[in-house]
Amino acid sequence: MAEFAVIRGDITESKVDAIVNAANTTLLGGGGVDGAIHRAAGPELFAACVPLNGCLTGEAKITPGFKLPSKWVIHTPGPVWHGGQQGEPELLANCYRNSLRLAMDHGCKTVDFPSLSTGVYGYPLADAAAVATQTIATVLAKSNDLQRVRLVAFDDATAAAYRVAWAQVVD
Ligand code: APR
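Looking at an unreviewed UniProt entry, one finds the protein named O-acetyl-ADP-ribose deacetylase and attributed to Levilactobacillus angrenensis.

Now the structure itself:
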């Protein structure tokens, strides 16, 4: 099974085959990690996103990384948290599943994720970490195409939450 790791860092610095962007459904950029990725990739990223005509929540679309050290950027809009009774867990799982499937379709071996939906979109951190790690573990157990998947945490609390969640998945 491919390796999973949680690291602290800035995903725009990840030197991997693909980084995942916590996008919105317009795919036309925003704040948070979306803003950071667009700033680091340069204006060509925006130009590459325009013809994609947006992306549904839970779906994923891919563009080159342009000025980023990562070859590809996989854009996936996570669910906005509305209390957990509007399909948020399944939509968040779809983000991870569809992003990994798209990465494998493009021959990626190394993929870095940010903590999808736990910023502006308000998804409770522990719940999101549980969904993310369970989904990643399920995909990794079934496929040999990937070498390493990482969760790049921008702060210590996020790193701790994903480490705890992963430990519960693999135990
Ligand atoms: N590297 C890694 N993680 C980062 C970075 C970075 N450079 N910058 C922010 N983060 C983290 C945040 O700290 C948070 O843990 O990414 C996680 C996701 O937060 P958001 O970027 O707010 O994403 P999300 O909650 O999915 O909301 C998406 O925000 O920026 C807009 O256009 C975006 O509308 C969309 C919404």
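Okay, the pattern of salt bridges next. Tallying each qualifying case throughout the model produces four salt bridges. With its nearest N and O atoms 2.8 Å apart, the salt bridge here joins D112 to R150. Of the two residues, D112 is situated in strand β5 (residues 110-113) and R150 in strand β6 (residues 148-153); the sequence distance between them amounts to 38 residues. Across the pair, R150 and D112 agree in class, each one buried.

Attention now goes to the site of the ligand. Of all residues adjacent to the ligand, which total 21 residues, the nearest are G31, V33, D34, G119 and V120. Interatomic distance of 2.9 Å between a side-chain N/O atom of N24 and an oxygen atom of the ligand. A distance of 2.8 Å separates an oxygen atom of the ligand from a polar backbone atom of V33. Protein burial of the ligand: of its 700 Å² of free accessible surface, 90% is covered by the chains. In this structure the site holding the ligand corresponds to the largest pocket.

Quick look at helix α4 (residues 125-142) now. End to end, α4 covers 26 Å across 18 residues, agreeing with the expected 26 Å (1.5 Å per residue, within 8%). The set of residues buried in α4 consists of A128, A129, V131, A132, T133, T135, I136, A137, V139 and L140. Lining the buried residues of α4 we find β1 (3-8), α3 (88-105), β5, β6 and α5 (156-170).

Summed over all chains, the structure comprises three aromatic pairs. Seen from their ring centres, F4 and W166 are 4.3 Å apart, and the 35 degrees between their planes marks the pair as tilted. Pair noted here: F4 is in strand β1 and W166 is in helix α5, with a separation of 162 residues, a long-range link. Each member of the pair, F4 together with W166, is buried. Arranged with centres 4.6 Å apart and planes meeting at 55 degrees, the rings of W81 and Y123 form a pair that is tilted. In this pair, W81 sits in the loop between β4 (72-77) and α3 while Y123 sits in the loop between β5 and α4, placing the two residues 42 residues apart along the sequence.

What follows concerns the sheet that holds strand β2 (residues 18-23). Taken in spatial order, the six strands of this open sheet run β1-β6-β5-β2-β4-β3, and their pairing is mixed. Of all strands in the sheet, those with a lone pairing partner are β1 and β3 (61-64), marking the two edges. Within the sheet, the average angular offset between the axes of one strand and its neighbour, ignoring direction, is 25 degrees. Relative to β5, β2 is paired through two bridges, and the arrangement is parallel.

Next up on the list: the layout of surface pockets. What the largest pocket holds in volume is close to 580 Å³. As for the largest pocket, its lining consists of 28 residues, and the residues nearest its centre are A22, G32, V33, D34 and G119. When residues in the lining of the largest pocket are grouped by element, the largest group, four residues, is from helix α1 (residues 32-41). Classifying every residue of the lining of the largest pocket gives twelve nonpolar, 13 polar and three charged.

What counts as what
Residues numbered from 1 in each chain as written. Predicted model: local features only at pLDDT ≥ 70, side-chain atom pairs only at ≥ 80, totals over all residues. Heavy atoms only, no water. Salt bridge = Lys/Arg side-chain N within 4 Å of Asp/Glu carboxyl O. Helix = DSSP H or I, 4+ residues; strand = E, 2+ residues; numbered from the N terminus. Buried < 20%, exposed > 50% of the residue type's maximum accessible area, 1.4 Å probe, protein only. Near = heavy atom within 4 Å. Polar contact = N/O pair within 3.5 Å; in protein donor to acceptor, adjacent residues only side chain to side chain. Areas by Shrake-Rupley, 256 points an atom, 1.4 Å probe, with all protein chains shown as cover. 1 Å grid on protein atoms, 1.4 Å probe; cavity = no way out; pocket = protein on both sides within 12 Å on 5 of 7 lines; lining within 4 Å. Sits in = over half its atoms within 2 Å of the grid points. Expected span 1.5 Å × (residues − 1). Contact = heavy atoms within 4.5 Å. Phe/Tyr/Trp six-rings, centres within 6.5 Å; stacked < 30°, edge-to-face > 60°. Pairing = 2+ DSSP bridges. Axes fitted to C-alpha atoms, helices over the stretch in contact; angles between N-to-C directions. Points joined across faces, edges and corners; volume = space filled by probe spheres on them. Nonpolar A, V, L, I, M, F, W, Y, C, P; charged D, E, K, R; others polar.

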